[in-house]
Amino acid sequence: MAENLVIVESPAKAKTIEGFLGKDYIVKSSFGHVRDLAKSDKAIDVKNNFAPHYEISEDKKAVIAELTRLTKKARTVWLATDEDREGEAISWHLFETLNLKEANTRRIVFHEITKPAILEAIKNPRKIDKHLVDAQQARRILDRLVGFELSPILWKKIKPSLSAGRVQSVAVRLIVEREREVEAHNSTSSFKVSAYFIVDDGKGLKATLKADHPTRFKTQKEAEAYLKNCIGASFSIKNLEKKPGKKSPSAPFTTSTLQQEASRKLGFSVAQTMVIAQRLYESGKITYMRTDSVNLSKTAMDAAIKEITKQYGSEYSNPKQYKTKSASAQEAHEAIRPTYFEQPTVDGENNERRLYELIWKRSISSQMSDAQLEKTIVTIASSNSSDTLTATGEVIKFDGFLKVYMESTDDENTDEGQDGLLPPLQVGQLLDLNEIVAMEKFTYPPARYTEASLVKKLEELGIGRPSTYAPTISTIQKRGYVVKEERQGRERIVNILKLKNNKVAASTKTEITGAEKSKMFPTDIGTVVNDFLVENFKSILDYNFTAYVEKEFDDIAEGKIAWNEMIKEFYEPFHKTVEFTEKNSERASGERILGNDPATGKIVSARIGRFGPLVQMKLDENDEKPRFAKLRADQRLESITLEQALDLFKMPRNLGNYEEIEVVVGIGRFGPFVRHNSVFVSIPKTDDPYVIELERAIELIEGKRTADREKLIKSFAQDPEMKVLKGRWGPYIAFGKKNIKIPKDKDPVSLTYEECVKLDQESEGTNKGRGGRFGKKAETFKKTEPASIKKKSPAKKTAAKKAPVKVKATQSTPVKKVVVKKTAAKKTAAKKTTVKKTAPKKKKSK
């Protein structure tokens with residue numbers, strides 16, 4: 001048996017490390033956290049200084065058993081979980097759960113999973129950093145307190161099954177507020193004027209020189225007046241100005257910048273990026289991927305310089321150390337980088353390779369020279385106007401880091417690309433005008449958040465840390481408060497004026513505006529929950545307060561404050577707000593009165609209902625039969641109009657008759673359907689129930705009939721309810737509402753009616769004693785139970801006596817049915833028996 005046991009949190013990490021250590025080491029995985037706060041409301045003892053109560057996860061008991069066995073045989077136990085607060089907490093939980101001793105327990109950390117790094121860590125062990133553990137514990141406890149106290153309020157005041165979280169709620173608020181900014185934006189237009197000249201490119205060919213008017217004209221009339229003024233004008237170059245410039249490389253990746261750039265360049269979600277990065281780290285290809293540091297070690301910088309010089313030449317090398325902008329950067333981590341700079345790519349799954357290459361390029365480019373540029377500004381004069389036109393161009397004199405990498409941006413709605421190379425020009429040169437175009441341009445609303453830009457915003461506000469960005473964004477989507485989706489834009493008319501051959505002509509074109517791809521949108525329930533929390537829990541939803549809490553976690557990690565004091569400072573005013581809100585706040589439904597139904601005069605409103613957003617039509621508060629209709633997928637409570645709401649009440653729609661029976665389209669709890677002859681057929685998402693026609697409905701009806709025929713294997717004249725059907729997991733017998741499994745040795749096609757009945761009876765026999773719905777089963781269970789209790793050993797008498805009480809509670813309904821059927825005399829006996837069962841001390845009850 002190996003003398004050293006190394007425990008990590010990941011099987012992949014264990015496999016990689018085991019290859020670096022000798023036969024004296026055995027490496028095992030804890031498979032993440034081994035215990036967590038208890039799931040009940042007793043997880044935190046608020047009155048006892050917020051003492052936490054931890055439980056071993058059910059799925060980790062076998063893991064703990066194995067690790068316990070191994071630790072007893074090992075001379076030294078090495079805790080090698082990740083270097084951040086989460087990893088430190090896992091090591092501490094392992095130490096506590098496995099009852100380890102400080103004398104033979106070592107804590108080791110490393111930034112990369114390479115042989116030199118692992119061996120160096122073994123040489124320099126340390127103790128578990130309790131301050132880091134306390135910081136993680138404080139976050140976990142605070143978030144549990146917030147969730148456990150806020151969620152019941154949401155159940156009472158909005159709808160059941162809702163939940164709230166400290167950081168997640170702030171993220172939802174950002175998205176809701178941005179959506180309202182977008183909705184409130186009133187687009188205005190102006191006219192941008194661009195002139196196009198034909199010039200010599202210096203090689204005997206013709207080239208186009210584009211120059212723009214420095215200001216935009218507010219109206220079409222003003223733009224037209226300018227163009228008319230240019231009729232017959234001559235244009236010449238008034239001034240040429242050249243300015244040197246440079247572009248500098250970006251710093252190596254942190255967690256947030258990797259998430260942003262992987263989204264822009266590779267189209268990865270934040271969660272996807274972290275999963276792939278985790279695999280790359282655990283296989284020893286990159287350094288630790290949860291970090292907010294841009295620092296590179298000297299070893300890494302030396303390796304990068306060597307690779308840059310080898311591949312591109314010494315003039316491309318310009319080593320530099322970057323400083324982390326965030327004052328709250330966690331621990332002394334290193335930036336995300338390749339473990340081996342001499343490997344520009346790696347083997348493996350395609351997305352792993354793509355992400356690795358992105359990290360390699362960013363890391364290498366960070367140590368390369370600036371790109372040297374020359375920017376040219378051309379000023380063009382007109383003989384008919386004092387207004388000038390401007391053309392710009394940019395030439396790369398030395399590409400530097402651009403040879404490897406160029407960072408992307410989140411900027412949207414830009415009209416122009418990067419300025420390019422200009423043809424040879426000189427001051428006083430006359431220009432040949434081809435045309436002048438005045439194009440109508442519109443203002444844009446603020447861009448909706450992508451996952452990447454939301455991470456950037458959270459980081460700017462100081463909310464969350466590298467380990468929390470991905471879980472936060474995943475959680476708000478899983479809870480249904482936010483959706484990430486594409487939305488179609490709408491057409492709009494663009495006016496164009498063009499001066500060509502001394503004539504001004506007007507024309508129009510259409511463009512698509514408002515189209516969105518992979519953007520974050522708040523749902524109606526997300527908006528209502530956000531508004532309720534903002535109104536009643538201002539501090540929890542305050543951006544500065546949330547950032548302040550994060551700073552206090554950092555202070556705990558540095559040992560500046562005690563974790564339970566920080567929790568106490570937060571919890572006491574928070575709990576008072578919870579109690580006040582529960583008693584005094586109104587129910588929140590996001591209700592909007594849209595108007596009155598012209599036909600009936602009833603009030604039409606939109607609000608959140610038990611099953612989601614809906615519109616309602618009722619006469620007044622005493623109306624006993626109000627009408628309801630669900631909102632369509634593309635409709636929102638805040639923007640739906642009265643006309644749109646009235647359209648929703650057109651359901652159910654009668655499309656006409658098929659086979660002399662009416663065909664009706666409706667929307668139920670589980671979605672839209674076609675009903676024909678008491679048979680319901682689901683309408684696919686590709687069809688709109690509000691516009692579907694009879695012909696398409698008949699197709700769906702016939703499609704279901706075909707599927708049902710193919711599903712039916714056999715039916716029986718003796719009993720139409722008895723059928724042999726094809727199921728998702730194989731053939732089965734359907735008898736009324738019962739499904740009966742067919743043994744593997746039986747051929748479903750050749751089954752007779754008698755065999756099916758027998759299988760039904762056998763299945764009932766198998767279920768005896770399970771406490772089913774039928775009195776017969778309950779009675780059997782009741783009769784056999786005392787006998788089993790008598791067989792109990794003396795040591796288990798107490799447990800045996802308690803068992804009838806439990807059975808009585810769980811089987812109350814069946815027992816009651818049996819007792820009702822007895823005679824009056826037997827009823828009394830049955831009651832006495834039941835009473836005696838609940839009194840364990842009276843042995844006669846047996």
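Residue numbers run consecutively from 1 along every chain, following the written order of its sequence. Thresholds applied to this predicted model are a pLDDT of at least 70 for local features of residues and 80 or more for the giving and counting of side-chain atom pairs; totals over whole chains, interfaces and linings are not thresholded and use all residues. As a rule here, side-chain values cover all heavy atoms of the structure and leave hydrogens and water aside.

Take the overall build of the protein next. Regarding its fold elements, the protein presents 23 helices and 30 strands. Burial classes: relative accessible area under 20% of the type maximum marks a residue as buried, over 50% as exposed, and values in between as partly exposed (1.4 Å probe, protein chains only). Out of the 846 residues in the protein, the part that is buried amounts to 44%. Note on contacts: a residue pair qualifies if any of its non-hydrogen atoms lie within 4.5 Å across the two residues. Nonlocal contacts in the protein, meaning residues at least 24 apart in sequence, comprise 69% of its contacts between residues at least 6 apart. Going along the chain from the N terminus, every DSSP run of H or I of four or more residues is numbered as a helix, and every run of E of two or more is numbered as a strand.

In any sheet, the strands associate via hydrogen bonds between backbone groups, in a parallel or an antiparallel arrangement. Strand order in the open sheet formed by four strands is S23-S24-S25-S26, with antiparallel pairing between adjacent strands. The open sheet has two edge strands, strand S23 (653-658) and strand S26 (679-682), and neither has a second partner. On average, each strand axis in the sheet is inclined to that of its neighbour by 30°, with strand direction left out of account. Being paired, for any two strands, means DSSP has found at least two bridges between them. Of the pairings in the sheet, the one linking S23 to strand S24 (residues 661-668) comprises five bridges and is antiparallel in character. Bridging across to S24, Arg653 finds its partner in Val665. Running over the sheet, helix H18 (residues 694-711) touches S23, S24, strand S25 (671-676) and S26 and is turned about 65° from S23. Fitted lines through C-alpha atoms give the axes, limited to the stretch in contact for helices. The angle between two N-to-C directions lies from 0 to 180 degrees.

This part is about the pattern of salt bridges. Within this document, salt bridges are pairs made up of a side-chain nitrogen of Lys or Arg and a carboxyl oxygen of Asp or Glu, the two lying within 4 Å of each other. For the coordinates displayed, the defined rule picks out 55 salt bridges. Between Arg696 and Asp687 there is a salt bridge whose closest N-O contact spans 2.9 Å. Residue classification places Asp687 among the buried residues on the basis of a relative accessible area of 18%. Lys704 is paired through a salt bridge with Asp708; the nearest N and O atoms lie 3.8 Å apart. Residue Lys704 and its partner Asp708 are both found in helix H18; the two are separated by four residues, about one turn of the helix. Given the relative accessible area of 37%, Asp708 is considered partly exposed.

Moving on, we get to the packing of aromatic side chains. By convention, a stacked pair of Phe, Tyr or Trp rings (six-membered ring in the case of Trp) has centres within 6.5 Å and planes under 30 degrees apart, an edge-to-face pair has planes over 60 apart, and any other such pair is tilted. This model, assessed by the stated rule, comprises 15 aromatic pairs. One aromatic cluster is present, built from ring pairs that chain together Phe50, Phe537, Phe545, Tyr548, Phe570, Tyr571 and Phe574. Positioned over the ring face of Tyr405 is Lys265, at 5.1 Å from the centre of the ring. Look at NZ for Lys and CZ for Arg. If either is within 6 Å of the ring centre and within 35 degrees of the ring normal, a charge sits over the ring. Taking NZ or CZ as reference, Arg492 lies 3.9 Å from the ring centre of Phe442, over its face.

Taken together, the three bridges between strand S27 (residues 712-715) and strand S28 (residues 722-725) define a ladder with antiparallel strand orientation. Its bridge partner being in S28, Lys714 is matched across the sheet by Val724. In this antiparallel pair of consecutive strands, S28 and strand S29 (residues 732-735), the connection spans six residues, and Gly730 shows a positive phi of 115°.

This part takes up the sheet that holds strand S1 (residues 4-8). Pairing is parallel across the open sheet formed by four strands, whose spatial order is S2-S1-S7-S8. Of all the strands in the sheet, the pair left with one neighbour each is strand S2 (25-29) and strand S8 (105-107). In this sheet, neighbouring strand axes are inclined to one another by 25° on average, regardless of whether the strands run parallel or antiparallel. In the packing of helix H1 (residues 11-18) onto the sheet, contacts are made with S1 and S2, and the angle to S2 comes to roughly 165°.

Here we come to helix H16 (residues 563-584). Residues that lie three or four places apart on an α-helix share one face, since the helix turns once every 3.6 residues. Working rule for helices: expected span equals 1.5 Å times residues minus one. Between its first and last C-alpha atoms H16 spans 32 Å; for 22 residues at 1.5 Å apiece the expected length is 32 Å, and the two agree. Maximal helix bending in H16 amounts to about 30°, located at Tyr571; proline Pro573 follows within four positions. Its buried side turned inward, H16 meets strand S5 (51-52), helix H5 (130-157), helix H14 (524-536) and helix H15 (543-557). Bend, at a single residue, is the angle you get between axes fitted to the 7 residues ending at that residue and the 7 residues starting at it.

In this section: the nonpolar core. For our purposes a nonpolar core is just a set of buried Ala, Val, Leu, Ile, Met, Phe, Trp, Tyr and Cys residues, chained together by side-chain atoms within 4.5 Å. Membership of the largest hydrophobic core comes to 139 residues, with the highest contact counts inside it found for Phe110, Leu355 and Val615. With eleven residues, the top contributor of residues to this core is H5. When neighbours within four sequence positions are excluded, Val615 is seen to be in contact with Leu594, Ser605, Ala606, Arg627, Phe628, Ala629, Leu631, Ile640, Ala645, Leu648 and Phe649. Membership of the second largest hydrophobic core comes to 25 residues, among which are Ala223, Ala233, Phe235 and Leu389.

Glancing now at empty space enclosed by the protein. With a 1 Å grid laid over protein atoms only, a set of points is called a cavity when a 1.4 Å probe fits there but cannot get out and a pocket when it is open yet has protein on both sides within 12 Å along at least five of seven lines; lining residues have an atom within 4 Å of a point. Grid points are joined across faces, edges and corners, and a volume is the space filled by probe spheres set on the points. This model, assessed by the stated rule, comprises two cavities of 30 Å³ or more. Its volume calculated, the second largest cavity comes out at about 60 Å³. As for the second largest cavity, its lining consists of Ser163, Ala164, Gly165, Gln168, Ser169, Val172, Arg479, Tyr481, Gly526, Val529, Asn530 and Leu533. Going through the elements one at a time, helix H6 (166-184) and H14 are the ones with two or more residues in the lining of the second largest cavity. Per-element accounting of the lining of the second largest cavity gives the leading share, four residues, to H14.

Quick look at the confidence of the model for the protein now. When pLDDT is averaged across the protein, the result is 86; 88% of the residues are at 70 or more. Of all helices and strands in the protein, the one with the weakest mean pLDDT is helix H20 (residues 775-790) (36), whereas helix H11 (residues 350-365) scores best (97). For every residue, the predictor states its confidence as a pLDDT score lying anywhere from 0 to 100. Here residues 768-846 is modelled with pLDDT under 50, and outside its nearest four sequence neighbours on either side it reaches 47 contacts, counting other chains as well.

Structurally, Arg362 is set in helix H11. On the basis of relative accessibility, which here comes to 3%, the residue Arg362 falls in the buried class. Two N or O atoms count as a polar contact when they lie within 3.5 Å, although within protein this holds only if one can serve as hydrogen donor and the other as acceptor, and sequence-adjacent residues are included solely when both atoms are side-chain atoms. A polar contact of 2.6 Å, which involves the side chain of Arg362, links it to the backbone oxygen of Ala251. Ignoring any residue separated from it by four or fewer positions in sequence, one finds Arg362 in contact with Ser250, Ala251, Pro252, Phe253, Thr257, Glu261, Tyr405 and Glu407.

All right, on to the packing of helix H3 (residues 85-97) against H5 then. A packed helix pair is summarised by two numbers, namely the angle formed by the two axes and the spacing between the axes. Relative orientation of the contacting elements H3 and H5 amounts to 105°, with a least axis distance of 8 Å. On the basis of their axis angle, the class for H3 and H5 is roughly perpendicular. Contacts between H3 and H5 pair Arg85, Glu86, Glu88, Ala89 and Trp92 from the former with Lys130, Leu132, Val133, Ala135, Gln136 and Gln137 from the latter. Amino acids are sorted into nonpolar (Ala, Val, Leu, Ile, Met, Phe, Trp, Tyr, Cys and Pro), charged (Asp, Glu, Lys and Arg) and polar (every other residue, Gly among them). In the contact of H3 with H5, the residues fall into five nonpolar, two polar and four charged. In these notes the angle categories are as follows: under 35 degrees is roughly parallel, over 145 is roughly antiparallel, 65 to 115 is roughly perpendicular, and the rest is oblique.

This paragraph deals with the environment of Glu224. With respect to the helices, strands and loops of the structure, Glu224 is situated in helix H7 (residues 220-229). Assessed through its relative accessible area of 28%, Glu224 is described here as partly exposed. As a C-alpha pair, Glu224 and Ala506 span 282 residues in sequence and 9.1 Å in three-dimensional space.

Within the secondary structure, Val133 is located in helix H5. A sequence separation of 424 residues divides Val133 from Ala557, and the C-alpha atoms of the two residues are 7.6 Å apart. Once residues within four sequence positions are removed from consideration, Val133 is found in contact with Glu88, Ala89, Trp92 and Ile128.

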